[in-house]
Amino acid sequence: RVHPHASRFEVAEDGSRLRFDTYAATLAQGTLAELSVRAADGAEAPVLEKLIVSAKETGWSTEDGTLNSLACLARGPVRSVFRAVKTLKSGHRIERTWYFYGDRFEVHSSSEPKLGSLTRATYAQDATAVNESGKSVRMDGKGDGEDFSGKGTPAWYAVYNAQFRNACLALTKPSGFTYWD
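Conventions adopted
- Residues numbered from 1 in each chain as written.
- Predicted model: local features only at pLDDT ≥ 70, side-chain atom pairs only at ≥ 80, totals over all residues.
- Heavy atoms only, no water.
- Helix = DSSP H or I, 4+ residues; strand = E, 2+ residues; numbered from the N terminus.
- Rg over C-alpha atoms; globule rule 2.2 N^0.38 Å.
- Buried < 20%, exposed > 50% of the residue type's maximum accessible area, 1.4 Å probe, protein only.
- Contact = heavy atoms within 4.5 Å.
- Areas by Shrake-Rupley, 256 points an atom, 1.4 Å probe, with all protein chains shown as cover.
- Lys, Arg positive; Asp, Glu negative; His and termini not counted.
- Charge placed at Lys NZ, Arg CZ, Asp CG, Glu CD.
- Salt bridge = Lys/Arg side-chain N within 4 Å of Asp/Glu carboxyl O.
- Pairing = 2+ DSSP bridges.
- Axes fitted to C-alpha atoms, helices over the stretch in contact; angles between N-to-C directions.

J.: Would you take a moment to explain the overall build of the protein for this structure?
T.: Helices and strands together make up the secondary structure of the protein, namely zero helices and 14 strands. Its helices and strands in sequence order give the protein the pattern β-β-β-β-β-β-β-β-β-β-β-β-β-β, from N to C terminus. Taking 181 residues into account, the globule formula puts the C-alpha radius of gyration at 16 Å, and the protein, at 17 Å, falls close to it. Counting across all 181 residues of the protein, residues that qualify as buried make up 35%. Contacts in the protein between residues far apart in sequence, at least 24 positions, make up 44% of those at least 6 positions apart. Taken as a whole, the protein presents about 10,200 Å² of accessible surface, with 50% of it coming from carbon and sulfur. Across the protein, the centroid of the 23 positively charged side chains sits 3 Å from that of the 22 negatively charged ones.

In structure tokens:
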């Protein structure tokens, strides 16, 4: 006897809205955006505004450029996979593959030529951040925790508050860690 899967995957082939068991997101212009956590009743609470590359050459907080391609490579029931290629105004070619599972996702990114930070997260809520170095900081937009990133090159960090828990793990050896409140 075969039972149907119980996952709550709703995946638009163009990436316009992706809903999984515990989170939802959007792929917009080749970037991950509008990441929300999902409650059991399907209600969504915003967590992350965007996940972009960040470097002097790109303007630090934007990822302006041309989306060359966005393709859905797989659509559930265990995971969904999307791949994007984007050429930034700076001339950098960004390639990303997202592996979305019911309770987590992975982002594999590369840039030619290389850029400083391939994953800059802009959070939508105040929260506490901790990292492998043992430091913690309150993310509240006041700008008083800038020394959070000044110690080592942590391979992981976590961000949390009463509404969500988020852990970010480097899949390869990290080359740096930067924090701006």
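J.: So what exactly am I meant to see when it comes to the pattern of salt bridges here?
T.: Should their charged atoms come close, side chains of opposite charge can pair. Overall, the coordinates contain ten salt bridges when judged by the stated rule. One salt bridge connects Arg93 with Glu95, and the closest N-O pair in it is separated by 3.2 Å. We classify Arg93 as partly exposed; its relative accessible area is 38%. Relative accessible area serves as the criterion here: at 25%, Glu95 is assigned to the partly exposed category. Ionic pairing is found between Arg104 and Asp103, a salt bridge with its closest N-O pair at 3.2 Å. Residue Arg104 is classed as partly exposed on the basis of its relative accessible area of 42%. With relative accessibility at 54%, the residue Asp103 sits in the exposed group. Within the structure, one salt-bridge network assembled from shared partners comprises Glu10, Arg17, Arg19, Glu34 and Glu44.

J.: Just to check I follow, could you spell out the sheet that holds strand S14 (residues 165-169) for this structure?
T.: The strands making up a sheet associate through backbone hydrogen bonding, with each pair oriented either parallel or antiparallel. With antiparallel pairing, the four strands of this open sheet are ordered in space as S12-S11-S13-S14. On the outer flanks of this sheet lie strand S12 (136-139) and S14, each paired with one strand and no other. On average, each strand axis in the sheet is tilted by 20 degrees relative to the strand beside it, whichever way the strands run. Relative to S14, strand S13 (residues 156-160) runs antiparallel, the two being bridged by five bridges. Of the residues in S14, the one forming a bridge with Trp156 is Leu169.

J.: Which parts of the structure should I look at to understand the sheet that holds strand S2 (residues 18-19)?
T.: Read across the sheet, six strands follow the order S1-S2-S3-S4-S5-S10 without closing on themselves; strand pairing throughout is antiparallel. In this open sheet, the two strands that pair with only one neighbour each are strand S1 (10-11) and strand S10 (117-123). Sheet topology places strand S3 (residues 23-28) next to strand S4 (residues 31-38); five bridges connect them, and they run antiparallel. Residue Leu27 lies in a different strand from S4, and its bridge partner there is Leu32.

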